[in-house]
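What follows is the residue order along each chain.
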Amino acid sequence: MAQIIDGKAISLAIKDELKEKAAKLKAEGTEVTLAVIQVGNNPASTVYVRNKKKGCEYIGIGSLSYELPEETTEEELLSLIRELNGRKDVNGILVQLPLPAHIDENKVIRTIDPKKDVDGFHPESVGALCIGQPGFVSCTPAGVIELLKRSGISIEGKECVILGRSNIVGKPMALLMLRENATVTVAHSRTANLKEVAKRADILIAAIGKPKMITREYIKEGAVVIDVGINRDADNKLCGDVDFDDVAEICSAITPVPGGVGPMTIAMLLNNCIQSVELQK
């Protein structure tokens, strides 16, 4: 049976390390504060925002919450972001996505000061990652790297296949795996012979958003499987992109859903908040 990679336990260890760093910064007179903006009342977004606030509380950093109505205009949102950019008491700014259709997400992301871009979505953050410069890294891919390293799974020299090419997970994930000296293939909905491509992977990272699509036919025996997907199955239960029960028997290690990659996203957001102090010096 595969090693189950416990994202809850690993994320808690990271948060405990961050709690110590936050206490040290406070003792030196530096307060860390995250500003979270939510537009509208998307139920999933509300849960994420609540968890982010809880995370801030746990590690001992401040959080400001801006819950704006659905009809908030793009200019009103941009104006709030500019105000937070200029505030010395705010280290990180996070705008919860998705935004209502009348607001241009790209414009919003570009308006956030790159030194406060704790989500790692600003083009400057992505460019820094691409050329190996210091900067914020998108939280979910950064969390996957920590899961692998803290589970004793070697990345260097391994063949890694990433299923999905989104700006939030697939692309930054590929750059991070390259940084760790893996050999990387990014596959997607238009990839020919997807099963054969996936089966080459020593480390398979699934981020395609299709419930239980990845079965044992996609998996090389002994591979490590990281499931980034969060979906609902036919019984409305949370599940990943990977058919866990079908795959767990043949892989060497696997992340469950829930309790795998999910908790790591918030842990790495909090890590970025602590890191923001260095970037803003």
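In case you missed it, the structure is sitting above this.
Residues numbered from 1 in each chain as written. Predicted model: local features only at pLDDT ≥ 70, side-chain atom pairs only at ≥ 80, totals over all residues. Heavy atoms only, no water.

A.B. asks: What should I look at first to understand the pattern of salt bridges in this one?
C.D. replies: Once the charged atoms of two side chains with opposite charge are near each other, the side chains can pair. This structure, assessed with the given rule, holds 14 salt bridges. Among the ionic pairs, K53 bridges to E67, the shortest N-O distance being 3.0 Å. Of this pair, K53 sits in helix α2 (residues 43-59) while E67 sits in strand β3 (residues 62-68); the two residues are 14 residues apart in sequence, bridging distant segments of the chain. Measuring nitrogen to oxygen at the nearest pair gives 2.9 Å for the salt bridge that ties R87 to D89. Under the relative-accessibility criterion, R87 is labelled partly exposed at 24%. (Salt bridge = Lys/Arg side-chain N within 4 Å of Asp/Glu carboxyl O. Helix = DSSP H or I, 4+ residues; strand = E, 2+ residues; numbered from the N terminus. Buried < 20%, exposed > 50% of the residue type's maximum accessible area, 1.4 Å probe, protein only.)

A.B. asks: Can you help me understand helix α10 (residues 262-279) in this one?
C.D. replies: The α-helix advances 3.6 residues per turn, and as a result positions three or four apart in sequence lie on the same side. Here α10 contains 18 residues, and its C-alpha end-to-end distance of 26 Å stays within 8% of the 26 Å for a straight helix at 1.5 Å per residue. Where α10 is buried, its residues contact α1 (7-27), β2 (33-39), α2, β4 (92-95) and α6 (139-150). (Expected span 1.5 Å × (residues − 1). Contact = heavy atoms within 4.5 Å.)

A.B. asks: I would appreciate a short explanation of the packing of α6 against helix α7 (residues 170-179) in the present structure.
C.D. replies: It is at 9 Å that the axes of α6 and α7 come closest, and there the two elements cross at 40°. In terms of axis orientation, α6 runs oblique to α7. Note on packing geometry: the crossing formed by α6 with α7 is right-handed. Residues P141, A142, V144, I145 and L148 of α6 form the contact with α7, whose participating residues are P172, M173, L176 and M177. The residue inventory of the contact of α6 with α7, partitioned by class, reads nine nonpolar, no polar and no charged. (Axes fitted to C-alpha atoms, helices over the stretch in contact; angles between N-to-C directions. Parallel < 35°, antiparallel > 145°, perpendicular 65-115°, else oblique. Left-handed = near helix turned anticlockwise from the far one by under 90°. Nonpolar A, V, L, I, M, F, W, Y, C, P; charged D, E, K, R; others polar.)

A.B. asks: For this particular structure, what's the right way to read the packing of aromatic side chains?
C.D. replies: The geometry of an aromatic ring pair is captured by two quantities: the separation of the ring centres and the angle between the planes. Applying the stated rule across the entire model yields zero aromatic pairs. Over the face of the ring belonging to Y58 we find K15, whose NZ or CZ atom lies 5.9 Å from the ring centre. (Phe/Tyr/Trp six-rings, centres within 6.5 Å; stacked < 30°, edge-to-face > 60°. Lys NZ or Arg CZ within 6 Å of the ring centre and 35° of its normal.)

A.B. asks: Any chance you could explain the sheet that holds β2 here in plain terms?
C.D. replies: Each strand in a sheet pairs with its neighbour through backbone hydrogen bonds, running either in the same direction (parallel) or in the opposite one (antiparallel). Pairing is parallel across the open sheet formed by three strands, whose spatial order is β3-β2-β4. Across the chains shown, the open sheet's two edge strands, defined by having one partner strand only, are β3 and β4. Taken over all neighbouring pairs, the strand axes of this sheet differ in orientation by 15° on average, direction set aside. Summarising the sheet, β2 and β4 pair through four bridges and their orientation is parallel. Looking across to β4, one finds that L34 is bridged to G92. Against the sheet, helix α3 (residues 74-85) makes contact with β2, β3 and β4, and its axis sits at roughly 180° relative to β2, the strand it touches most. (Pairing = 2+ DSSP bridges.)

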